[in-house]
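# Geometric and topological summary
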Amino acid sequence: MLVNGRRHVPSDIQNTAAAVDTNTIPTDLIERIDIVTGGNSAVYGSDAIAGVVNFVLKNNFDGLQLRAGNSIPQFGSGGNRYISGIAGKNFADDRGNLTAALEYSKQDRLFGSQIPYFRQSNGFVTNDVDGAGLTNGSDGIPDVVFGRNIRSSTIARFGLVPVVQTRNTAAPCGAGIPGGTGARTNYNCNYLFDSAGNLVPQTGNRISTGPTGTFLGGNGDNNREDRLLSVLPKNERFSANLLGHFKVSDAADFFVEAKYARAHTVGSNSGPAFNQGFNQTFSDYRANYRLDNPFLNSAARTTLTNAILASGSNTSLTGGAGALSAADRAAIADGSYRFTNARNFSDLGIRDEDTVREVYRIVAGVRGDLTPHVNYEISGNYGRANQKITILGNVNQQRLLLAQDAGIDPNNPGAGIQCRSKFDPAARGGVADLDGNAVAAARLASDIAACVPYNAFGGLDNTAARNYIVSNSGSRGRLSQYDATGFVNVDSGGFFNLPGGAIAVVLGGEYRREDANFVADPDVQDGLTFLNALQTFDPPTLEVAEGFGELNVPILKDMPFFNSLSLSGAARYSHYNKAYGSTGSVWAWNFGGEWSPVRDIRFRANYGKAVRAPNYTDTASPTNQDFAPGFLDPCNAGRIGSGTPQRNTNCQAALGGLINNAEFQGLTNLGYSLEILSGSNPLLEQETSKSLTVGAVLTPRFLPGFDLTIDYFDIDVKNVITAATAQQIVDLCYDNSQFCNLFQRYTGSGAGPNGEVPGQILQGSLTQASLNFASLKRRGIDVQANYNHSIGEAARLNVRGYYTHQLRNSNFTDPTRPSFETRILGQLGTPKDEFTFNADLTVGQFTVGYGAHYIGPMLTTAYANLYPINGNPAQNVDANDIRRYPDVVYHNVRASVQLGSDTANRKGMEWFVGIDNLGNRKPPLGSTATGADSAIYEVIGRSFFTGVRATF
């Protein structure tokens, strides 16, 4: 992304280190936005691997413009308001100009509980499990079906106790649908705490596999209550921009661009910390609660005691905690027995990120015409992004586990409810999840001394415990970029011309340096919090020196069948320092041509090679702790029949007899959080793309004001830098015998080092790092149409339309089988067809407008499930009862009135109003439109806006 053809400092310090925050670009200063599809690294440098977006700003704004507006969704929450101003003045006989722009905006925080149609959770739920060996992975019964009013069977805000019934032949709460082996597993009998701490059975219609299943309706949580689902962050943004230039002579026009932007954002989709029990969330025994916990009322204690004794099993979400032993029964009798209570710690906070990001940028340079045939530009560009992040509601794991182990000292009952570690020496051990953590060990005594007990049963006041457990940890980072560039543009018009005109040559050079640093909060670095442990990030400075050239050869002009004919080409040589991995020195190039047989139509084509060098997050990020939430083991009986035909054989070979271990099957029946290690790769090479663009531009004389652009693009990117997800790594191991060396399974007996059951993947053993192993292929057609037409003297019609038809969108992620295709086209987030349309009709002082956005249908499951690919048959043709998300059209209307005398130039005061998403279309099939793929849909339904614009 460029501004006036020059690089802009990125704002994301921790992720790609390349994404520019476009919100820092003042809307009122934008003259136009140029979008070029296809690789353009030869012209613009690294990162222009699939295209370029260039924001061109107004150069000589003269006057004053003020603008303010407000928008609000129909349901009344999540409003947005802004105010902006731009002032500019030409001076010195128009040789100079100075323009300043200020913008302020504020987006209100929005949670799912504030959106009426999000208060009920709808979506796909498991309905059937296919066994191994079925043709196309199908038994004819949809594996998942669309369900309404989905309620969680595994967690609740006030607590959920799962009483296992796998050893109870009576199955008092029913049995799940048959698993992959045809066996049924009894459902747990769930009990819920209400806000007052009373215990009641969970109700609702239960479906899916045991032991947890899924509830439709009833009294359980849907995980959208209160502040559990964050939809839009609170965002307050201010920016100031200054543009200026002064032309001393034709040979010297000095220019400057300066910017300051500050964004304060509070928001996160992390949700609160949670606890789903011993060996499920935590490895410490205190993750489970004692029956004699004094916060547990007597009625609830009696209900749980009787239910657990009747079940014959220890409590666990997965049903794999084992049968009650004599010691367990004795512990139940004396109150020391520990039970699972799955709870969202929403009362401790939702782990919001309070982020302040500041961006500074200044560009200075000089340009001019040395002769009528020689011009030049030299500029220097410095930018810096500073970032401060405070994690609100970050839970200290050691303090949490100490606090929730509450009791009453039998030797001092008058002291009331205390943390058990204060009076029971047996409860003073270090937390197993922090075993070997020297910082946690050093703080253990002081943490016990300061401990405040936490009530995990209900929604009663836990303020004092929260103040003890939660720390608002802070991290900070910075990124700076310096870019110097210069070029000279020469044409041969002074001494030589082809029939089409003068040959033009551009020669130039560029030097860029980037430096970054990120320091996490000490508690986060030390791994004490529920947030993933992060290390200090201080990568080496990135430096690149480049030389480039461009050539344009106008061969013919104003001849029969050759209104114009020209060829063009560009090349760039870049030398990257070692901070860019193994990139070294690389070439990028392109060549193309344009032919216009008559002035009404112009054909064009371009073919080129582009590069993207790895950045410091790819090559120098430290290895950090991370988690793969919702991980699904492909060797579970319910999934072993999915995937490629090789999955069953490979799983059987890898696990042997452990594959039938009841504890393994019980644990892996659910998605769980798998601890992994993620990092970088200093040996990465550059990504390369080859792109072909062929198109035509029509400007028919018989239809003045109309133009139509059609472009076909074909982009093939190789050596793509990517890290397979934990789920992909394990799936590919058993589906294609790849990546099996990147993780280990626990093959011992009893509990593993982190409480793993036999056969389970060892926590922390899976390594996820970037590799140059993938390729991407994108092919499609872009169409753009514009029509501007005056109707008489007082009316004007302006119509714009953009249409994209994707022909191919596929990823190739198997390093040993480059042709193994993962087809993305048509899946959620990548429709085959997308179209936007806008039309405005102005009559005198009044303007009415209409806009539409069309998104084509998309699959609800993976392409490979439904269609043959890679020589394999369809893997799961009965995957969903609904195969596609429906196509969606959003309609927008607007109107404005000009309240000034100079309507021809649209000066004076303008008042505008409008409605976005007039039809109030909601995200389809229960989507929240907040994920990376579902974000293609609009989330807030119908909204209204109004504002004023004053131009002088």
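Everything below is about the structure shown above.
I will try to describe carefully the structure that is included in this document. (Residues numbered from 1 in each chain as written. Predicted model: local features only at pLDDT ≥ 70, side-chain atom pairs only at ≥ 80, totals over all residues. Heavy atoms only, no water.)

## Thoughts on the overall build of the chain
- Each helix and strand in the chain was counted, giving 12 helices and 48 strands.
- With the C-alpha coordinates of the chain rotated into their principal frame, the extents come out at 105 × 60 × 55 Å.
- Here the chain holds 952 residues, and the buried ones make up 51% of them.
- Contacts in the chain between residues far apart in sequence, at least 24 positions, make up 71% of those at least 6 positions apart.
- For the chain, the computed accessible surface area is about 39,800 Å², with 55% contributed by carbon and sulfur atoms.
- Where the 78 positive side-chain charges of the chain centre and where its 85 negative ones centre are 2 Å apart. (Helix = DSSP H or I, 4+ residues; strand = E, 2+ residues; numbered from the N terminus. Buried < 20%, exposed > 50% of the residue type's maximum accessible area, 1.4 Å probe, protein only. Contact = heavy atoms within 4.5 Å. Areas by Shrake-Rupley, 256 points an atom, 1.4 Å probe, with all protein chains shown as cover. Lys, Arg positive; Asp, Glu negative; His and termini not counted. Charge placed at Lys NZ, Arg CZ, Asp CG, Glu CD.)

## Examining the state of the cysteines
- Tallied over the entire structure, the rule returns 4 disulfides.
- Cys419 shares a disulfide with Cys451; S-S distance 2.0 Å. Negative torsions about the S-S bond denote left-handed disulfides, and the value of about -80 degrees found for Cys419 with Cys451 makes this one left-handed. Residue Cys419 is located in strand 27 (residues 417–419), and its partner Cys451 is located in the loop between helix 5 (438–450) and helix 6 (463–469); the two are separated by 32 residues in the primary sequence. (Disulfide = S-S within 2.5 Å.)

## Section: the pairing of strand 19 (residues 252–267)
- Bridge count for strand 18 (residues 234–249) against strand 19 is 15 bridges, and the pairing is antiparallel. Looking at the pairing, His245 lines up with Phe255 of strand 19.
- Once strand 18 ends, the chain turns through 2 residues before running back antiparallel as strand 19.
- Pairing of strand 19 with strand 24 (residues 352–371) involves 15 bridges; the strand directions are antiparallel. Of the residues in strand 24, the one forming a bridge with Glu257 is Val363. (Pairing = 2+ DSSP bridges.)

## Digging into unusual backbone geometry
- Omega for the bond connecting Gly210 with Pro211 falls within 30 degrees of zero, at 5 degrees, which places this linkage in the cis form.
- Examined against the element boundaries, Pro211 turns out to sit in the loop between strand 15 (205–207) and strand 16 (214–216).
- The residue Asn870 is not glycine, and still its phi comes out positive at about 60 degrees.
- The backbone of Leu925 shows a phi angle near 50 degrees, a positive value even though the residue is not glycine.
- You can call Leu925 buried: its relative accessible area is 18%.

## Notes on helix 2 (residues 298–311)
- Over its 14 residues, helix 2 extends 20 Å from the first C-alpha to the last, a length consistent with the 20 Å expected when each residue adds 1.5 Å.
- All of the buried residues in helix 2 are Ala300, Leu304, Thr305, Ala307, Ile308 and Ser311.
- Residues of helix 2 that are buried make contact with strand 12 (160–163), strand 13 (189–193), strand 14 (199–201), helix 3 (326–334) and strand 22 (338–339).
- Structurally, the start of helix 2 carries an N-cap: the backbone nitrogen of Ala299 is 3.2 Å from a side-chain oxygen of Asn297.
- At the C-terminal side of helix 2, Gly312 shows a positive phi close to 75 degrees. (Expected span 1.5 Å × (residues − 1). Polar contact = N/O pair within 3.5 Å; in protein donor to acceptor, adjacent residues only side chain to side chain.)

## Examining the pattern of salt bridges
- Using the criterion set out here, one finds 37 salt bridges in the structure.
- With a closest N to O distance of 3.0 Å, Asp226 and Arg157 form a salt bridge. Of the two residues, Asp226 sits in the loop between strand 16 and strand 17 (230–232) while Arg157 sits in the loop between strand 11 (150–151) and strand 12, which places them 69 residues apart along the sequence.
- Judged by its relative accessible area of 44%, Asp226 falls in the partly exposed class.
- Judged by relative accessible area, which is 15%, Arg157 ranks as buried.
- Arg572 serves as the salt-bridge partner of Glu546, at 3.1 Å between the closest nitrogen and oxygen. With Glu546 in strand 30 (residues 542–559) and Arg572 in strand 31 (residues 562–576), the pair connects residues that are 26 residues apart, well separated along the chain. Per residue, the accessibility class of Glu546 equals that of Arg572, and both read buried.
- Three or more residues are tied together by salt bridges with common partners; here these are Arg6, Glu257, Arg361 and Glu377. (Salt bridge = Lys/Arg side-chain N within 4 Å of Asp/Glu carboxyl O.)

## Here we look at the sheet that holds strand 15
- In space, the 3 strands of this open sheet follow the order 11-16-15, with antiparallel pairing throughout. The open sheet has two free edges, formed respectively by strand 11 and strand 15, since each of these has just one partner strand.
- Summarising the sheet, strand 11 and strand 16 pair through 2 bridges and their orientation is antiparallel. Bridge assignment links Ile150 to a residue of strand 16, and that residue is Leu216.

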